[in-house]
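Examining the three-dimensional arrangement
Now for the letters of each chain:
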Amino acid sequence: MSLKCGIVGLPNVGKSTLFNALSSAKAQSANFPFCTIEPNIGTITVPDERLNQLSDLVNPQKVIPTTIEIVDIAGLVKGASKGEGLGNQFLANIREVDAIVHVVRCFDEENVVHVDGSVDPVRDREIIDTELQLKDLETVEKRIEKLAKQAKTNDKEIVKQLEAAKRLKAHLENGNSARSFGEDDFEKALVQEFILLTAKPVLYVCNVDEGSVVDGNDHTKRFAESVAGEGAEVILISAAIEADISELETYEERLEFLKDIGLESPGVHKLIQACYKLLSLITYFTAGEKEVRAWTIKRGTLAPGAAGVIHTDFEKGFIRAEVIKYADYVEYGSEHKVKEAGKMNVEGKEYLVEDGDVMHFRFNV
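Just so we're clear, the structure is a prediction, and the values are computed from it rather than from any experiment.

Rules and cut-offs
Residues numbered from 1 in each chain as written. Predicted model: local features only at pLDDT ≥ 70, side-chain atom pairs only at ≥ 80, totals over all residues. Heavy atoms only, no water. Helix = DSSP H or I, 4+ residues; strand = E, 2+ residues; numbered from the N terminus. Polar contact = N/O pair within 3.5 Å; in protein donor to acceptor, adjacent residues only side chain to side chain. Contact = heavy atoms within 4.5 Å. Buried < 20%, exposed > 50% of the residue type's maximum accessible area, 1.4 Å probe, protein only. Lys, Arg positive; Asp, Glu negative; His and termini not counted. Salt bridge = Lys/Arg side-chain N within 4 Å of Asp/Glu carboxyl O. Core = buried A, V, L, I, M, F, W, Y, C linked by side-chain atoms within 4.5 Å. 1 Å grid on protein atoms, 1.4 Å probe; cavity = no way out; pocket = protein on both sides within 12 Å on 5 of 7 lines; lining within 4 Å. Points joined across faces, edges and corners; volume = space filled by probe spheres on them. Nonpolar A, V, L, I, M, F, W, Y, C, P; charged D, E, K, R; others polar. Phe/Tyr/Trp six-rings, centres within 6.5 Å; stacked < 30°, edge-to-face > 60°. Lys NZ or Arg CZ within 6 Å of the ring centre and 35° of its normal. Patch = residues over 30% accessible without salt bridge, like charges linked within 9 Å, V, L, I, M, F, W, Y side chains within 5 Å. Areas by Shrake-Rupley, 256 points an atom, 1.4 Å probe, with all protein chains shown as cover. Charge placed at Lys NZ, Arg CZ, Asp CG, Glu CD.

A short note on the side chain of Ser177
By the element assignment, Ser177 lies in the loop between α5 (156–173) and α6 (185–194). Polar contacts involving the side chain of Ser177 include one to the side chain of Gln133, which spans 3.3 Å. Beyond its immediate stretch of four places on either side in the chain, Ser177 contacts Gln133, His171, Leu172 and Thr198.

Printed below as a string of structure tokens:
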């Protein structure tokens, strides 16, 4: 399952530094705007202690974690919706991702220039939101023109779409994003059909100095207040700290470094897990002597669809799924003992896969 989160923000807010810490791909990072020109793509492992626990119990030949893709997209400036700076490219790249990781600068540092001359994360977010909303307005206006012509036939469905599109246009004109539009399923479906930039789910990352990574600062508090009505998650990360951690070679060195600065785990772990949640993803596992592996599926996937992630033949010829709850696997220590305890369930095509399920599929092709 190839799902992507795009890292966006104004130039020089720490996007590429953060991307480098997240990924083994080495994006250029420098103290000037438009350092990142082509979108850098990194495949990133999703940290999951459950996978380690299953591996300890099964002792397989190999362990394969699940991953998501992170895209570092060129910085945006005012006027991007009209092609200013790298605007057209930025907007095209954003259209290709499934969710947005919006990085805002929340640290004061004279040696790192800000494209607008001062640090103001609330203003910075509004700049990007405005450019995306303006581009979405163009899209909606074109769809309204098309629907208006089609509505002359008095097709009730087309007329209903036209009226909803007009309400969506007014919503965007009032400075709102498309993700907050929709009184009912019809309007929400219309937003998805239009493939709008501001309809994508968003996670805000406040890039802070080392001293603010735990409790934040005045910038982060003001920013959190400004987005409180969106229902979006806001996390604090110091890209500089994450860059230092990524340079350490051993797990023990990283733990010692984190302990020294009062953190339990790297901020990138928190970011990756937040991206996973943002994309409405869950993990199920397969466990055997050859491998213990984590698989990514959308929340709400039925057993045949989960099987299809492994191979399309598994879905086509699905017979049943043998399911062990993760907690039961850990409690009894092996698949054999779980079966003896009667804790393995046999499920059919209507089974809704849950996060953490350990599964084995029976199929016929």
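Now that the structure has been shown, we can carry on.
Some details on the side chain of Asp328
Here Asp328 is to be found in helix α13 (residues 326–332). Buried within the structure, Asp328 lacks any salt-bridge partner; its nearest side chain of opposite charge belongs to Lys343, at an N-O separation of 5.0 Å.

A closer look at the nonpolar core
If you look at the biggest cluster of nonpolar residues, it comprises 55 residues, and the most contacted ones within it are Leu18, Leu22, Ile70, Val205 and Leu271. Ignoring anything within four residues of it in the chain, the contact list for Leu271 reads Leu18, Leu22, Val101, Leu203, Val205, Ile235 and Ile237. With 18 residues, the next largest nonpolar core counts Val140, Leu172, Ala178 and Phe181 among its residues.

A few points about the pattern of salt bridges
On inspection of all chains with the given rule, the structure shows 15 salt bridges. Residue Asp355 is joined to Arg50 by a salt bridge in which the shortest nitrogen-to-oxygen separation is 3.0 Å. With Asp355 in the loop between β11 (345–347) and β12 (358–363) and Arg50 in helix α2 (residues 49–58), this residue pair connects regions lying 305 residues apart in the sequence. A salt bridge links Asp124 to Arg123, with the shortest nitrogen-to-oxygen separation between them at 3.1 Å. Under the relative-accessibility criterion, Asp124 is labelled buried at 2%.

Remarks on the layout of surface pockets
A probe matching the size of a water molecule, rolled over the atoms, marks out where space remains unfilled. In this structure, the largest pocket encloses a volume near 650 Å³. Around the largest pocket, the lining is made up of 26 residues, and of these Pro47, Arg254, Pro266, Val268 and His269 lie nearest the centre. Broken down by secondary-structure element, the contributors of at least two residues to the lining of the largest pocket are α1 (15–22), β2 (40–45), α2, α8 (239–247), α9 (251–260) and α10 (267–278). By residue class, the composition of the lining of the largest pocket is 12 nonpolar, nine polar and five charged.

Topic: the packing of aromatic side chains
A full pass over the atoms with the stated rule returns five aromatic pairs. Each ring, one from Tyr284 and one from Trp295, has its centre 6.5 Å from the other, and the planes form 20°; the classification is stacked. One end of the pair, Tyr284, is in strand β8 (residues 281–287); the other, Trp295, is in strand β9 (residues 291–298), with 11 residues separating them in the sequence. The same class applies to Tyr284 as to Trp295, namely buried. Clustering of aromatic rings is evident, with ring pairs tying together Tyr284, Trp295, Phe318 and Phe361. Above the plane of the ring of Phe186 lies Lys160, whose end atom (NZ or CZ) is 4.2 Å from the centre. The positively charged end of Arg293 is found above the aromatic ring belonging to Trp295, 4.1 Å away from the centroid.

Topic: a negative patch on the surface
On the surface, Asp108, Glu109, Glu110, Asp209, Glu210, Asp244 and Glu247 cluster together to form a negatively charged patch. You can see Asp244 is positioned in helix α8.

So, unusual backbone geometry
The backbone of Asn12 sits at a positive phi, close to 70°, despite the residue not being glycine. If you trace the backbone, Asn12 turns up in the loop between β1 (4–8) and α1. The exposure class of Asn12 is buried, given its relative accessible area of 13%. Not every positive phi belongs to a glycine, and Asn59 is a case in point at roughly 55°. Among the secondary structure elements, Asn59 is positioned in the loop between α2 and β3 (62–64). Exposure remark for Asn59: the relative accessible area of 62% places this residue in the exposed category.

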